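Single-letter residue listing:
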2 protein chains.
Amino acid sequence: MNGGDGPSSYARNSSYQRGAIDAAEALLRKEIYQRLDLTDHSFSSFTIADFGCSSGPNTLLAVDIIIQTLLHKFSSSMPNAKTPEFQVFFNDLPQTDFNSLFALLPPQRPYFVAGVPGSFYGNLFPKAYLNLAYSSCALCWLSDLPHEIRDTTSPAYNKGRIHYTGASAEVAQAYSCQYKKDIKSFLCARSRELAEDGLMALIVPGVPDGFLDSQASTGSEFDLLGSCLMDMARERRIKEEDVDSFNLPIYYTTPKELEDIIRSNGELKLEKMETLEGIYAYDTMPDLESRVQYLRAVLEGLIRSHFGHHILDDLFDRYSLKLAQSSFILNPQTHKSIMIFTLLTRRRYI
Amino acid sequence: MNGGDGPSSYARNSSYQRGAIDAAEALLRKEIYQRLDLTDHSFSSFTIADFGCSSGPNTLLAVDIIIQTLLHKFSSSMPNAKTPEFQVFFNDLPQTDFNSLFALLPPQRPYFVAGVPGSFYGNLFPKAYLNLAYSSCALCWLSDLPHEIRDTTSPAYNKGRIHYTGASAEVAQAYSCQYKKDIKSFLCARSRELAEDGLMALIVPGVPDGFLDSQASTGSEFDLLGSCLMDMARERRIKEEDVDSFNLPIYYTTPKELEDIIRSNGELKLEKMETLEGIYAYDTMPDLESRVQYLRAVLEGLIRSHFGHHILDDLFDRYSLKLAQSSFILNPQTHKSIMIFTLLTRRRYI
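Before going into details, it helps to say that this report is about the structure given with it. Note that this is a predicted model, so its numbers are computed, not measured.

## A short note on the interface of chain B and chain A
Taken together, the contact between chain B and chain A spans 26 residues of the former and 26 residues of the latter. A combined buried area of about 1900 Å² lies between chain B and chain A, and 53% of that area is made up of carbon and sulfur atoms. When the buried area of chain B at its contact with chain A is split by residue, B:Asn99, B:Phe102 and B:Phe112 rank highest and sum to 27% of it. A salt bridge links A:Arg192 to B:Glu85, with the shortest nitrogen-to-oxygen separation between them at 3.2 Å. Seen at the junction of chain B and chain A, the total is 14 residue pairs in polar contact (both at pLDDT 80 or more). When residues of the side of chain B that touches chain A are assigned to their parent elements, the largest contribution, 6 residues, is made by strand β3 (residues 112–117) of chain B.

## Describing the packing of aromatic side chains
Any pair of aromatic rings gets described here by the distance separating the centres and the angle formed by the planes. By the definition in use, this model includes 37 aromatic pairs over all chains. Ring centres of B:Phe316 and B:Tyr319 lie 6.4 Å apart, and the angle between their planes is 80°; on these two criteria the pair is classed as edge-to-face. One end of the pair, B:Phe316, and the other, B:Tyr319, are both in helix α11 (residues 312–325), 3 residues apart, so they sit about a helical turn from each other. The lysine or arginine in question, A:Lys73, covers the ring of A:Tyr33, its NZ or CZ lying 5.0 Å from the ring centre. A cation sits over an aromatic face here: A:Arg190 above A:Phe51, 4.1 Å from the ring centre.

## Digging into the packing of helix α6 (residues 221–234) of chain A against helix α11 (residues 312–325) of chain A
Residue and element names in this part refer to chain A. Here α6 crosses α11 at 125°, and the two axes come no closer than 9 Å. Relative to α11, the element α6 lies oblique. Crossing geometry of α6 relative to α11 is assigned as right-handed. Contact residues: Glu221, Leu224, Leu225, Ser227, Cys228, Leu229, Asp231 and Met232 in α6; Asp314, Leu315, Phe316, Arg318, Tyr319, Lys322 and Leu323 in α11. For the contact of α6 with α11, the residue count by class is 9 nonpolar, 1 polar and 5 charged.

Quick notes on the rules
Residues numbered from 1 in each chain as written. Chains lettered and ligands numbered in written order. Predicted model: local features only at pLDDT ≥ 70, side-chain atom pairs only at ≥ 80, totals over all residues. Heavy atoms only, no water. Contact = heavy atoms within 4.5 Å. Buried area = accessible area lost by both parts, 1.4 Å probe. Salt bridge = Lys/Arg side-chain N within 4 Å of Asp/Glu carboxyl O. Polar contact = N/O pair within 3.5 Å; in protein donor to acceptor, adjacent residues only side chain to side chain. Helix = DSSP H or I, 4+ residues; strand = E, 2+ residues; numbered from the N terminus. Phe/Tyr/Trp six-rings, centres within 6.5 Å; stacked < 30°, edge-to-face > 60°. Lys NZ or Arg CZ within 6 Å of the ring centre and 35° of its normal. Axes fitted to C-alpha atoms, helices over the stretch in contact; angles between N-to-C directions. Parallel < 35°, antiparallel > 145°, perpendicular 65-115°, else oblique. Left-handed = near helix turned anticlockwise from the far one by under 90°. Nonpolar A, V, L, I, M, F, W, Y, C, P; charged D, E, K, R; others polar.

And the structure:
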């Protein structure tokens, strides 16, 4: 994600992700309120972690919703007890712009703050430490690329493309395997870190059930960006092998696939899963420019570190032209992304 | 402090502060080992905070010493119990370069990490949260400048100078009052945050008892820097009133003064106070260039925000010339800075 708050920053180009939080708000409030069990607890402090927080105003928006809900829950369920002190941990990779995030923090806030650098596919907190874990729009980022897609001898070698959409079934399968492995690691780490009766709410970017089987026929923004890179390779502005070896570490699961992975983890109980309604890219990013800037804010860092910064303007100019000519991608009917809301509880420690 | 790891960064110009940690190491190990009371505890996790951590390798050095000592203590005092998981909180102001600090973290480390942005003169953690608090070379930074020194009608108005050394007794007095207020706030916040039987080790930059009374006759590096600014004002490169309104928010206490402030706090008990031996600027910064870069790394940010970045090279070139001509400051005999080691314990909650 692009740090800072410039025109191409993630902080200024994340209205789509904000849409996801807006769509989840009512459900998030209801589920936390109903399922948080305070029966056996005398909290002195209450710990909350946002996994994959990124750096921007959305991060604080979600925390506000959660804290408001908790304050309501504590005051109504334990009217005679002192409300605990809240401590919020913002987690993301060490290269995330934590300083920009810290600069956004309101000086007066009803919680203590800490930033936690590190991959959420590993352990980041002591055992049984967190009362509430949360993640929004982050569990589509793979910890690494599946190695087969860069292996020229493998049937999953992803030549001339930068993602699995539009590629062979073997490429999609390699991504899916990597995703399963990663989400299992995520759930394993969180099940260790969640306190007894701890809750975890996830908003996971995905596609509808059945999409993956038919994905070979769909175009996507990633395919369009990949075709721009291939155009540049044909014009010898970049090397074709650099495009072949560039792949996006992003995977969109389906509700069915995600449910299967969660159920295979014995320590977390799936309490709720539903697809959030009312999040459409054409609502939150109504014009071409915002669609281009969104993709740039999200992908620029990856492209820069693989190809160098000098190709960025040229690439996104080409992308912008192609997007304008594409009746397909900008058509609301073809928007297939969904957001999957999931609520999990920690089974009691035995 | 200058972030990043460039030639003027604090990370590359903090050998003096490293000297303080080296000089404190044996005492820190001994005091933590002897005074940490594990009798009534069954720790699941053990929390450590470094207040005013800054961003550089020194930060991790101190943590390594502390963690090694704790591992030794737990294994020898509770050989049959599982060693708790350690969680280290790095605190400094939000504008501190946390990303550079996070980039220095060793991938394999025996502790969890979080960065805590905020002033240590306020509360940063829930009540009774910390098992061990620590601060090195940070408790000389004031939370703010005493307002009198910028008030043209006050006897403490600090015209033509940037610090209290060499100034009138009223200026020194105004700094001293601000320091007392700040350290009281620091101790009040920490006494709330420290867990029962919690320890706090402080390495506080200071000057010997008696120094403040005679300071009017001493020259200092800050005075020299102030005289360079005044030279620039006389040459109309900067405005004289900008020099008059610029003052360093830095104060060096004496052991006696610090002891009095600590004793006025009823919740923390002073277990030990001594002056560390063997820290000399001429040992850790043997050449002129390292002395200049040290001051630049520490003060550049303050100067830039007051005067603008365009004066920096000119100012430090002038400073370098004056320092080379000064037989006084580079003479080891005139080095008056000391480091005061202090160990405090949290009185039991009643």
